[in-house]
Amino acid sequence: SRGSDKRAKFIKKSKESVMEALRSRDMVLGGVTKTIVDLDETINLLSERLEYWYGIYFPELKLDDKLKFAACVIMIDRQNIDEAALGSIVGPSRANMLADIAKRSLGADLPKSDMDAMKELAQSILNLGKLRADFDAYQKSVANELCPNMAIVAGSEIAALLVAHVGSLRRLAVLPASTIQVLGAE
């Protein structure tokens, strides 16, 4: 009976410790940071698929910015390009160049159903991009709240990544400087 009292107290203390850790804002910061990393990977993967697929229709369209590429996919009709709208995405001079290239494109004419499917994928990429931007702002807010000094010195994104990587601000605070230096290098 005495052993069961000790066990019950130990279990109660363990539960309280777990509940305290789960209430920690560090967990929120870690979660949003890992979500941003996952969103970046997903956007990159889907963008690669879109670029390959859209290359059948307009292989000459090349943009480094994946979100601008997706916006162009939604907007471009090679036979009837709205240069002003395209210019709002890539700039007027690039829009003029793309309009000229589109008229001579080697790409295949595809049925509306294929184009609609590509545009749907492009819209999903843009939606993920917006979600990523929203989470980025949220991450900055939580990082500035939790570790304002580190957010000022290293930037809120780096501060959030460090806290997420280590697991908590408390654990990060007790790490030796050399370990933090190695984490920073990673």
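Thresholds, definitions, all that
- Residues numbered from 1 in each chain as written.
- Predicted model: local features only at pLDDT ≥ 70, side-chain atom pairs only at ≥ 80, totals over all residues.
- Heavy atoms only, no water.
- 1 Å grid on protein atoms, 1.4 Å probe; cavity = no way out; pocket = protein on both sides within 12 Å on 5 of 7 lines; lining within 4 Å.
- Points joined across faces, edges and corners; volume = space filled by probe spheres on them.
- Helix = DSSP H or I, 4+ residues; strand = E, 2+ residues; numbered from the N terminus.
- Nonpolar A, V, L, I, M, F, W, Y, C, P; charged D, E, K, R; others polar.
- Core = buried A, V, L, I, M, F, W, Y, C linked by side-chain atoms within 4.5 Å.
- Buried < 20%, exposed > 50% of the residue type's maximum accessible area, 1.4 Å probe, protein only.
- Contact = heavy atoms within 4.5 Å.
- Salt bridge = Lys/Arg side-chain N within 4 Å of Asp/Glu carboxyl O.
- Phe/Tyr/Trp six-rings, centres within 6.5 Å; stacked < 30°, edge-to-face > 60°.
- Lys NZ or Arg CZ within 6 Å of the ring centre and 35° of its normal.

### A word on the layout of surface pockets
Now for step 1: What the second largest pocket holds in volume is close to 170 Å³.
Now for step 2: Elements represented by at least two residues in the lining of the second largest pocket include exactly α8 (156-166) and α10 (177-185).
Now for step 3: Examining the composition of the lining of the second largest pocket, we find that 4 residues originate from one element, α8, more than from any other.
Now for step 4: When the residues that make up the lining of the second largest pocket are grouped by side-chain class, the tally is 4 nonpolar, 2 polar and 1 charged.

### Observations regarding the nonpolar core
Burial of nonpolar side chains together is a common tendency in soluble globular proteins.
Now for step 1: Counting 28 residues, the largest nonpolar core has Leu50, Tyr54 and Leu61 as the members making the most contacts within it.
Now for step 2: If one sorts the elements of this core by residue count, helix α6 (residues 112-146) sits on top with 6 residues.
Now for step 3: Discounting residues that sit within four places of it in the chain, Leu50 has contacts with Gly55, Phe69, Ala70, Val73, Met118, Leu121, Ala122 and Ile125.
Now for step 4: Within the second largest apolar cluster, 12 residues are counted, among which are Val32, Ala160, Val163 and Leu172.

### Remarks on the side chain of Thr33
Now for step 1: One can find Thr33 in helix α2 (residues 25-54).
Now for step 2: Under the relative-accessibility criterion, Thr33 is labelled buried at 2%.
Now for step 3: Other than its neighbours up to four places away in sequence, Thr33 contacts Gln139, Ala160, Leu161 and Ala164.

### Focus: the pattern of salt bridges
For side chains bearing opposite charge, pairing can occur when the charged atoms are close.
Now for step 1: Considering all chains together, one arrives at 7 salt bridges under this definition.
Now for step 2: A salt bridge links Asp40 to Arg132; its shortest N-O distance comes to 2.6 Å. Of the two residues, Asp40 is situated in helix α2 and Arg132 in helix α6; the sequence distance between them amounts to 92 residues.
Now for step 3: The class for Arg132 is buried, based on a relative accessible area of 18%.
Now for step 4: The partner of Glu51 in a salt bridge is Lys66, with the nearest N and O atoms 3.8 Å apart. With Glu51 in helix α2 and Lys66 in helix α3 (residues 66-75), the pair connects residues that are 15 residues apart, well separated along the chain.
Now for step 5: Shared partners join several salt bridges into a network, and the residues in it are Asp40, Arg132, Asp136 and Lys140.

### Focus on the packing of aromatic side chains
Now for step 1: Inspection of the entire model under this criterion finds 3 aromatic pairs.
Now for step 2: Three or more aromatic residues joined by ring pairs form one cluster here, namely Tyr54, Tyr57, Phe58 and Phe69.
Now for step 3: Across the ring face of Tyr57, the terminal group of Arg78 is positioned such that the distance to the ring centre comes to 4.3 Å.

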